[in-house]
Each structure stands twice: as C-alpha cells, then as structure tokens.
Amino acid sequence: QVRLAESGGGLVQAGGSLRLSCAASESIFSINTMAWHRQAPGKQRELVATITSGGSTTYADSVKGRFSISRGNAKNTVYLQMNSLKPEDTAVYYCRINYYRGDYWGQGTQVTVSS
C-alpha cells in the first residue's frame, strides 16, 4: 500500500513562508497529476495547486502569485512553496497523487498563520 507523507507544516506569522513536502513510500506507475489541497475548520476541502506530468501548473485564485508547486528530482515527490502567508491560509494541507488507477492521499499537515 503506497503512503504519502507530508511535512513542513507549522506555525508562522503573517507574511512568512513555509515549504511543504510530500513523498510517496514507493514508486507510483503512470502519474498524471500531483496536487495540494487544503481544508480549513468548518470549510470544504479545496484545491490549491496542481502540476501535471509535463510540468504544467494551475493555482487557486486565492494563492496565485504567492504559492508555487513543483516536483522533486525523485519523481514521487511534490513541494508547495508558500510565501506571503495570510491568516486565511490556515488549514490542514493534503497532497494527492493521481495515477492511472485513481488517487493517493496524504494524511495532511497543519499550517497555522498568526496575524
């Protein structure tokens, strides 16, 4: 069973930066996209950023210009660089890897931005 492990979350002041990492426990065949989602208390989970196998990226309007998604040299790793963080970015952040048979999800990492 493939597991995704996120790391890099924590407490940061508004305006600060964090870099989230997500690594799969083993190689995944035929990855389509890798993505980050987040879920704030009392809200639905939302898509934050995606990156395709070809390197194309998309971002939620709320994070454009502040967040950057990238893939690691190891093909089963994905990062989310978060700059100029705002209190409204506070959430549990989840990585997701979509492959030819479905999705793998991580357990999430908490990001808290204080004002």
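Residues numbered from 1 in each chain as written. Predicted model: local features only at pLDDT ≥ 70, side-chain atom pairs only at ≥ 80, totals over all residues. Heavy atoms only, no water.

**Q** Explain the overall build of the protein chain here, please?
**A** Within the protein chain, the secondary structure is distributed over 0 helices and 11 strands. Reading the protein chain from its N end, one meets helices and strands in the order β-β-β-β-β-β-β-β-β-β-β. In summary, the protein chain has a C-alpha radius of gyration of 13 Å against a globular reference of 13 Å for 115 residues, a match within 12%. In terms of principal-axis extent, the alpha carbons of the protein chain reach across some 40 × 25 × 25 Å. For the protein chain, with 115 residues in total, the buried portion stands at 43%. Mean positive and mean negative side-chain charge positions of the protein chain (12 and 7 charges, respectively) differ by 4 Å. (Helix = DSSP H or I, 4+ residues; strand = E, 2+ residues; numbered from the N terminus. Rg over C-alpha atoms; globule rule 2.2 N^0.38 Å. Buried < 20%, exposed > 50% of the residue type's maximum accessible area, 1.4 Å probe, protein only. Lys, Arg positive; Asp, Glu negative; His and termini not counted. Charge placed at Lys NZ, Arg CZ, Asp CG, Glu CD.)

**Q** Any chance you could explain the state of the cysteines here in plain terms?
**A** The bond known as a disulfide is covalent and runs between the sulfur atoms of two cysteines. Across all of its chains, the model carries 1 disulfide by this definition. Between the sulfur atoms of C22 and its disulfide mate C95 the distance is 2.0 Å. Between C22 and C95, the S-S dihedral sits near 50°, and the bridge is therefore right-handed. Here C95 lies in strand β9 (residues 91-99) and C22 lies in strand β3 (residues 18-24), a separation of 73 residues in the sequence. Judged by its relative accessible area of 1%, C22 is buried. (Disulfide = S-S within 2.5 Å.)

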